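Below are the chains, spelled out letter by letter.
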Amino acid sequence: MNENVTAPLRARAEIDLAALQANVRSLRAHAPSAAFMAVVKADAYGHGMIPVARAAKAAGAEWLGTATPEEALELRAAGLTGRIMCWLWVPGGPWRAGIEADLDMSVSGMWALREVTAAARESGRTARIQLKADTGLGRNGCLPADWPELVREALAAQAEGLVTVTGLWSHFACADEPGHPSIAAQLDRFREMTGYAEQQGVTPEVRHIANSPGTLTLPGTHFDLVRPGIAMYGISPSPELGTPADFGLRPVMSLKASLALVKHAPGGLGVSYGHHYVTPGPTTLALVPVGYADGIPRHASGTGPVLIGGKRRTVAGRVAMDQFVVDLGGDEPAAGDEAVLFGPGDTGEPTAEDWAVAAGTIAYEIVTRIGSRVPRVYTGGDHGAGREGAGT
Ligand SMILES: *Cc1c(COP(=O)(O)O)cnc(C)c1O
């Protein structure tokens, strides 16, 4: 809604749904024979789960993927149709709600298989499950030694009509490090483990292992479906692999704030908590009204970049909970002028990747942590996905 875009908000994250949809199409072109799962966990990496899910589906994503069942159930409750998969379960479920919402539910071990079959029995419906193999990430998933039991028991439950095994899947540890030996080792193990399950009688609709770097750079990992997250948001999964533009991607989120104050300051003035910055001489200071409560990393104190009045500036001193200060070196923009913390980067503004470097983290964490106090404002997109306007 365009009136929101120009509304005088303290701060806002503009979400360019047209860029998101172009990224989905671009990623599809990298994996033309695979189905596409738009990963929208963690509030779509901070971009707003429901509008992003709608826009991704309108751009051709057949599947939506979340970590938690609660996220997946929220998608269903918002009216999203088609396949929705979620993979981070703990004992207690909610398996029954997942069955009733027609979710594809990941099962990584025997406790989960027991709980999902019990819930299926109670509800009188068949649960869709996908067996997750730990092929070498060493995190969630079933290790090779435990795989025969899980496959055998899943097939037994399927024979009883309690479950349908719709998929076999896994996740990479180092797909963003080209040539890392674990990539080939994980692929070999994935082929062995899926091959074993299929020999035993599993007929998966989809076998999948590719995240963003796999989708973009490792065609041999595409199998039947790809699961990109970060790349769909226009951020390179690994800056060493290439820039977003190198992959035909465009950053989706721009973070902007209105200057709360611009003032003349003398030299020798200590700025913000701890006085880690002291003005070197008479200057002007601008107050940017966002802080670590809004997801601006405190680790970017003294290093975070921001575009004000067409010039790149740096956070002066500590990032506080709600605000930080920038030394403008005598420039005098008006209070209310725009500060761009990050965006696509093509009009001189920093990118989320620049903030990641400044804070010693990855761009995934920068966008995902933008706080709920920052309204999301939707622009672009070809089907009115932004009709809810601000808020997440
Ligand atoms: C988050 C996640 C993805 C997406 O990863 P990206 O690196 O953002 O592409 C894919 N699969 C699983 C299991 C995930 O948890």
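Residues numbered from 1 in each chain as written. Predicted model: local features only at pLDDT ≥ 70, side-chain atom pairs only at ≥ 80, totals over all residues. Heavy atoms only, no water.

Engineer: Requested: an account of the domain arrangement of the protein, with residues and values cited.
Structural biologist: Partitioning the protein into structural domains gives domain 1 (17-233) and domain 2 (253-388). Between the C-alpha centres of domain 1 and domain 2 there is a distance of 37 Å. The interface is formed by 15 residues belonging to domain 1 together with 15 residues belonging to domain 2. It is L17, H47 and R54 that lose the most area in domain 1 upon contact with domain 2, and together they represent 37% of the buried surface on that side. At the surface where domain 1 touches domain 2, the tally comes to zero salt bridges. (Domains from an automatic or database assignment. Contact = heavy atoms within 4.5 Å. Buried area = accessible area lost by both parts, 1.4 Å probe. Salt bridge = Lys/Arg side-chain N within 4 Å of Asp/Glu carboxyl O.)

Engineer: Please provide a residue-by-residue account of the site of the ligand, values included.
Structural biologist: In the vicinity of the ligand, the contacting residues are K41, Y45, W87, W169, H171, N211, S212, R227, P228, G229, I230 and Y364. A distance of 3.3 Å separates an oxygen atom of the ligand from a polar side-chain atom of W87. Here an oxygen atom of the ligand and a backbone polar atom of G229 are 2.9 Å apart. For the ligand, the accessible surface in isolation is 390 Å², of which the surrounding protein chains cover 93%. In terms of residue class, the shell around the ligand is built from six nonpolar, four polar and two charged. (Near = heavy atom within 4 Å. Polar contact = N/O pair within 3.5 Å; in protein donor to acceptor, adjacent residues only side chain to side chain. Areas by Shrake-Rupley, 256 points an atom, 1.4 Å probe, with all protein chains shown as cover. Nonpolar A, V, L, I, M, F, W, Y, C, P; charged D, E, K, R; others polar.)

Engineer: An account of the pattern of salt bridges is needed here, citing residue identities and associated values.
Structural biologist: Across all of its chains, the model carries 23 salt bridges by this definition. Between R125 and D102 there is a salt bridge, with the nearest N and O atoms lying 3.8 Å from each other. Of the two residues, R125 is situated in the loop between α7 (110-123) and β6 (127-132) and D102 in the loop between α6 (95-100) and β5 (104-107); the sequence distance between them amounts to 23 residues. We classify D102 as partly exposed; its relative accessible area is 33%. (Helix = DSSP H or I, 4+ residues; strand = E, 2+ residues; numbered from the N terminus. Buried < 20%, exposed > 50% of the residue type's maximum accessible area, 1.4 Å probe, protein only.)

Engineer: Go over the UniProt feature "domain: Alanine racemase C-terminal" (unreviewed entry) in the protein with me, naming the residues and quoting the values.
Structural biologist: Under the feature "domain: Alanine racemase C-terminal" (unreviewed entry), the UniProt entry names residues 252-379. Overall, residues 252-379 shows 11% helix and 34% strand. The separation of its end C-alpha atoms is 10 Å. (UniProt positions renumbered as here; feature names shortened; annotations may be inferred.)

Engineer: Give me the UniProt feature "modified residue: N6-(pyridoxal phosphate)lysine" (unreviewed entry) in the protein: which residues, what numbers.
Structural biologist: The UniProt feature table records "modified residue: N6-(pyridoxal phosphate)lysine" (unreviewed entry) at K41. Structurally, K41 is set in helix α3 (residues 41-45). Judged by its relative accessible area of 26%, K41 falls in the partly exposed class. Every residue in contact with K41, bar those within four places of it in the chain, is listed here: G65, T66, A67, E71 and W87.

Engineer: Any chance you could break down the packing of helix α4 (residues 49-58) against helix α5 (residues 69-77) for me, citing the residues and the numbers?
Structural biologist: Contact geometry of α4 with α5 gives a least axis separation of 10 Å together with a crossing angle of 65°. Between α4 and α5, the crossing angle belongs to the class labelled roughly perpendicular. With respect to the hand of their crossing, α4 and α5 are arranged in right-handed fashion. Contacts between α4 and α5 involve M49, I50 and A53 from the former and E71, E74 and L75 from the latter. Across the contact of α4 with α5, the residue classes break down as four nonpolar, no polar and two charged. (Axes fitted to C-alpha atoms, helices over the stretch in contact; angles between N-to-C directions. Parallel < 35°, antiparallel > 145°, perpendicular 65-115°, else oblique. Left-handed = near helix turned anticlockwise from the far one by under 90°.)

Engineer: Run through the side chain of H171, naming residues and quoting values.
Structural biologist: Along the chain, H171 falls in the loop between β7 (163-169) and α9 (181-200). For H171, the side chain forms a polar contact with the side chain of R227, separated by 3.0 Å. The residues touching H171, leaving out its near neighbours within four places in the chain, are K132, T135, L137, R139, Q186, I209, N211 and R227.

Engineer: Quick rundown of the sheet that holds strand β2 (residues 35-39)? Include the residues and the values.
Structural biologist: Taken together, eight strands build a closed barrel; the order of strands is β2-β3-β4-β5-β6-β7-β8-β9 and the barrel is parallel. Where β7 and strand β8 (residues 206-210) come together, three bridges link them in parallel fashion. The partner of W169 across the bridge, within β8, is H208. Packed onto the sheet, helix α8 (residues 147-159) meets β5, β6 and β7 and runs at close to 150° relative to β7. (Pairing = 2+ DSSP bridges.)

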